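# Structural description and commentary
Here are the chains, one letter per residue:
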Amino acid sequence: MQRDALRYDVDETPSLPLCAALALTHVLVIFDGILFIPNVIGKTLDVAPDTLRFVTFGTLLVAAVFTFLQSRRTLGIGAGFILFTGSYSAFLVCSLDAVRMGGFATLATMSLLTVPLVFLYTYFIRFFRHIITPGVGGVVVLLIAMAMVPVALDLWSGGGGGSPGDTRIQFAVGLATALPMTLCMLFGNRALKLWGPLLSLVCGYVTAWGVGQLHFEHFAAAPWFGLPPLAWPGLELELSGLHVPLLLAFAIAMLISVIENTGNIMLVQQISQRNFRRVSYDRIQSGLYCDGLSKVAAGMLGTAVPSVYCDNLPLVEMTGVASRRVGAMGGALLLLLAFMPKAGAFMLDMPGPVMGGFLVVIVAMLFHAGIGLVTMNRLSNQHGIILGLSMAVGLVAQSGSYFPGLVPDALSPLLANSVAVGGFTAFGLSAVAWLLPRRSVDGTFPARVEVLPEMQRLLEAGRTRLDLSPESFNILSLCCEEVFCHMAGAPSPDADRFLTVRISRVEDGVFTEMICGHQMDDINNFAVPESLFSAKPDELRQLGMVLFAGYARDVKHIEISGYSFISFLTS
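The model shown is predicted, which means the values in this text are computed figures rather than measured ones.

## Looking at the nonpolar core
F91, F250 and L334 are the most contacted members of the largest nonpolar core, which totals 119 residues. Ranked by size, the runner-up nonpolar core spans 30 residues in total, among them V451, L468, L499 and C516.

Dropping the structure here:
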C-alpha cells in the first residue's frame, strides 16, 4: 500500500517547531481524556483533595513516560509510533466501585492483580493470529468511532436542555471549529492540511471568546509551577471474598483494553508508513508490553488505569506527519504539564462546543481508518458475516433501548459498552470459526530442501481427504514447493530447525500455512527481473516465488516472536 499523502514517515524527522506544534495539537485533543477518570472520581466521590491532586499528577506522569516509550523501541518495549497513553473509560465503573470500597489503595491492588492478563495475551499472541486479524481490529476501531459520536455531540450541544439562544451559540462555536478543519482536509494544500487542526482550535477558541463562552476558571485558580502533596494511597493487602466480583470486573476491562489496543497498533502502523505492506505483530507485542508496564506503574502509584489512545490518530492522516518525534515531544509536553498546573488548567478550560466540533471531524477520520483496516485483506463470506454481526451487536449494546431488563444491573456497565460487546463478539466468533473441525492434513519436517519429497508424499496422502481435483492438486503442490524452498533456504543460526505445514479445506478453496522458527525476506517483495539474460543469481532464484504469486491468493507473511508464518489460498 503506497501512502504518498504522508509528508513525514514514522522514521523521518520534521523540524522542531513543526513537531512542537503538532505535539501540542495531539495533547489538546486527548488531554481531557487523559484525566477523565480522576476528574469523574473527584466529582463523584468524597476524595481527599491532597489524594486527588496526587492521583492527577501520577496519571499525567504515567501518560508522559509511556507516551515517550511508545514512540521508541528500546529493549522490545514500545511500538515505535505516535501512541499516547492516558486513563481509559472502560475502567471507569470498576474504578468507582474500587474507590468506594477501599479508596485508591483498592483500585491500585485490583489493577496490579489483573494486569498479568495483558502480558499473557501479549506473549501468546501468535496463537491468536487467525482470530485477532486486521479485520477484527478494524471493527473495534469502527465501534470506537461510533461510541465517540454521542460523546462529541453531547460536548458540542452542551448536554442539551438549554434555551434556543444558547443552543444556537453552541452550534455556532462547534461549527466554527469543525468547518475550517473539514475544508482544510478536503480542499487544502499540504500546508493547510498540516496546520488545519491547530487552525481549527484557534478559530473555535476565538469564536467562543467572542460569544462569551470562554471562561478561565481552572486557569485562574491553578499555580504556574508546583508538585502535588505526597499523598500516596498505598495498596490494599487485606482482601476477601467481597473483592472477587470487583476483581472479575477489572479482568474483563483488562481484556477489553488489550483487544482494543491491538486494533489501535494495527491502525497506527497502516497510517504511519509510506510503503506499508503488512501488519507487524512484533510491533504489536512491543506496544502491548509497554501498555502493560504503564498499567503496572499506574498501580504502583495508585493512579487511574491507563491505556493506549486512538482518538488522536486521525491527526496523523490529516497532517501527513507520522514521525515518532511528534510522539516523543508529546510525552515531553505531558511531563511539563504535570509540573505546570496552570498550563494543564488552560486545556481543561477548553469550551465543550470547541472540543465537540473538533471530535466530530476526528470521528469521521476514524471511520475512514477503521474501514481501511477491515478492507486490508479480502473478506470471505464467513468473515464478512462475523464482522457484520459484531458491528450489529455493538450498535444494539450502545443503543440500550432493546430487551430492557435482560442484562443484570451489575453487568450493564460492561454489556452496555459497544466496544466491549462488539469486540468480544468478533473475537468469539472468529475463534469458533477457526477452531471448528475441518478436513485437513499437517506435518512437520526438518527445514532442509532435501526433505521436499517427504512433503510431497504428505500432499499425495491427503489428496483424497482434501477433495482435490488433478488441477487443484498440481497448483497446491507447486505453491507448497516454492514456499517450502523459500523458507528452508533462508539463513538461520539454528541448524536443527523445523518447518510445519498445515493444509485445510475452507469455503474459498484450500488454505495452507507454513511455520518456521526463524525470520526471512518478505514473501511479497519479489519481482520479475527486467532482463532474464542479465539477471543476477539471486534474482533468478526469485523466479519461483514470482511463479507462486501467479497461482496463490490472499498471501500473508507475518512474523511474531521470532516465528515466520506464511499462509495462502489456492483454488
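## Re the packing of aromatic side chains
Following the criterion strictly, the structure yields seven aromatic pairs and no others. For the pair F119 and Y289, a centre-to-centre distance of 6.3 Å together with 25° between the ring planes defines the contact as stacked. Taken as a pair, F119 in helix α6 (residues 116–123) and Y289 in helix α12 (residues 281–301) lie far apart in primary sequence, 170 residues in all. We classify Y289 as partly exposed; its relative accessible area is 21%. Among the aromatic side chains, those forming a connected cluster through ring pairs are Y123, F124 and F127. One residue, R463, lies across the ring of F473, its end atom 4.6 Å from the ring centre.

## Quick notes on the pattern of salt bridges
Tallied over the entire structure, the rule returns four salt bridges. Between R324 and D11 there is a salt bridge; the shortest N-O distance is 2.8 Å. Of this pair, R324 sits in helix α14 (residues 324–338) while D11 is found in the segment before α1 (16–34), placing the two residues 313 residues apart along the sequence. The buried category is assigned to R324, whose relative accessible area is 18%. The closest approach of N and O atoms between E12 and R274, which form a salt bridge, is 2.9 Å.

## Side note on a nonpolar patch on the surface
Together, L117, L120, Y123, F124, F127, L255 and F424 make up a nonpolar patch on the protein surface, roughly 620 Å² of accessible area in all. By the secondary structure assignment, F127 is in the loop between α6 and α7 (134–157).

## Quick word on the pairing of strand β6 (residues 553–560)
Bridge analysis of β6 against strand β7 (residues 563–570) gives six bridges, and the strand direction is antiparallel. Along β7, the bridge assignment pairs K556 with S567. Remark: two residues form the turn of the hairpin made by β6 and β7, two consecutive strands paired antiparallel; S561 in that turn has positive phi of roughly 50°.

## Observations regarding the packing of helix α20 (residues 452–461) against helix α21 (residues 470–488)
Direction vectors running N to C along α20 and α21 enclose 150°, while the axes themselves pass 11 Å from each other. Between α20 and α21, the crossing angle belongs to the class labelled roughly antiparallel. Viewed along their axes, α20 and α21 form a crossing whose handedness is right-handed. Each of L452, M455, Q456, L459 and E460 in α20 lies in contact with α21, whose residues at this interface are F473, L476, S477, C480, E481, F484 and C485. Classifying every residue of the contact of α20 with α21 gives eight nonpolar, two polar and two charged.

## With respect to the environment of G302
Here G302 is to be found in the loop between α12 and β2 (306–308). Overall, G302 belongs to the buried group, its relative accessible area being 0%. Residues G302 and T106, spaced 196 residues apart in sequence, show a C-alpha to C-alpha distance of 8.6 Å. Other than its neighbours up to four places away in sequence, G302 contacts V55, F104, A108, W232 and P233.

Definitions and limits used
- Residues numbered from 1 in each chain as written.
- Predicted model: local features only at pLDDT ≥ 70, side-chain atom pairs only at ≥ 80, totals over all residues.
- Heavy atoms only, no water.
- Core = buried A, V, L, I, M, F, W, Y, C linked by side-chain atoms within 4.5 Å.
- Buried < 20%, exposed > 50% of the residue type's maximum accessible area, 1.4 Å probe, protein only.
- Phe/Tyr/Trp six-rings, centres within 6.5 Å; stacked < 30°, edge-to-face > 60°.
- Helix = DSSP H or I, 4+ residues; strand = E, 2+ residues; numbered from the N terminus.
- Lys NZ or Arg CZ within 6 Å of the ring centre and 35° of its normal.
- Salt bridge = Lys/Arg side-chain N within 4 Å of Asp/Glu carboxyl O.
- Patch = residues over 30% accessible without salt bridge, like charges linked within 9 Å, V, L, I, M, F, W, Y side chains within 5 Å.
- Areas by Shrake-Rupley, 256 points an atom, 1.4 Å probe, with all protein chains shown as cover.
- Pairing = 2+ DSSP bridges.
- Axes fitted to C-alpha atoms, helices over the stretch in contact; angles between N-to-C directions.
- Parallel < 35°, antiparallel > 145°, perpendicular 65-115°, else oblique.
- Left-handed = near helix turned anticlockwise from the far one by under 90°.
- Contact = heavy atoms within 4.5 Å.
- Nonpolar A, V, L, I, M, F, W, Y, C, P; charged D, E, K, R; others polar.

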